Amino acid sequence: MARKKIIAGNWKMNMTPSQAVELVNTLKPLVVNDEVDVVFCVPAIDIIPAMEAARGTNIQIGAENMYFEEKGAFTGEIAPGMLTEVGVKYVIIGHSERREYFAETDETVNRKVLKAFEHGITPIICCGESLTQREQGITIDWIRQQIKIAFLNVTAEQAASAVIAYEPIWAIGTGKVATTEQAQEVCKAIRDCIAEIYDEATAAAIRIQYGGSVSASSAPELFAQPDIDGGLVGGASLKPDFGAIVNYK
Ligand code: 13P
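First, a word on what this report is: a plain description of the structure on this page. Small disclaimer: the values here were computed from a predicted structure and weren't measured. (Residues numbered from 1 in each chain as written. Predicted model: local features only at pLDDT ≥ 70, side-chain atom pairs only at ≥ 80, totals over all residues. Heavy atoms only, no water.)

## Some details on unusual backbone geometry
In this model, Met 15 sits at a positive phi of 85 degrees, which is unusual for a non-glycine residue. Here Met 15 lies in the loop between strand E1 (5-10) and helix H1 (17-27). Unlike most non-glycine residues, Ser 213 shows phi in positive territory, near 55 degrees. Along the polypeptide, Ser 213 turns up in the loop between strand E7 (207-211) and helix H11 (219-223). With relative accessibility at 23%, the residue Ser 213 sits in the partly exposed group. (Helix = DSSP H or I, 4+ residues; strand = E, 2+ residues; numbered from the N terminus. Buried < 20%, exposed > 50% of the residue type's maximum accessible area, 1.4 Å probe, protein only.)

## Looking at the site of the ligand
Near the ligand there are 13 residues, and of these His 95, Glu 167, Gly 173, Ser 213 and Gly 235 occur at the shortest range. One of the side-chain N or O atoms of Asn 10 is found 3.0 Å from an oxygen atom in the ligand. Summarising the interface, the protein chains cover 95% of the accessible area of the ligand, which totals 310 Å² for the free molecule. Tallied by class, residues from the shell around the ligand come to four nonpolar, seven polar and two charged. (Near = heavy atom within 4 Å. Polar contact = N/O pair within 3.5 Å; in protein donor to acceptor, adjacent residues only side chain to side chain. Areas by Shrake-Rupley, 256 points an atom, 1.4 Å probe, with all protein chains shown as cover. Nonpolar A, V, L, I, M, F, W, Y, C, P; charged D, E, K, R; others polar.)

Now the structure itself:
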């Protein structure tokens, strides 16, 4: 069965609650497309107002992060139960900015992934190499390691429902999009790695996004690749361009 594309926005640390409502209202007529899953991953404080603004549309509101404990003395963190109570179904885990600025590691990513599944939330698991790693020729080795650790103790059934976002760090927010060949090569390597860990059926089911300077002009070719099942979009998800990206065909 063909995989349904999933196109997600990552708002990062942008939009106050009132701005979030305004943006959802602006984008909702533009992102209508029943052939793809459309997700807006928004700052925690925007989740509830964005959901209210998106009610009755095809837009799913997701989170940008989540902690791996149920509750307790973890100042500033968001618990999985807080997300599920308001209806969140997707959470970005291990974005490179969280790894770089907030000391997330492959191990904490794995704990968050397991916790998300425990709560029935679909993790959008991020991986990606730095420019140095690409220049050293270790991109595939690095990504395989990130994937193997992220999926430790994850069952095949859970893995089949997961989303992986391949985001080369050097392409994020730089306007420097990976070439279609580069993106497809790594997304295929990720799918092969999932097949090695699990089996072909799991690899065929899992959805793999590309992220990094996706725009209305680069989306059609990227999303036409056999192993690219959509995108994780930063800057362009805050603009009407996101409508063109969702309707890339
Ligand atoms: P840009 O689309 O702004 O490059 O960001 C990509 C990203 O980090 C999405 O998670």
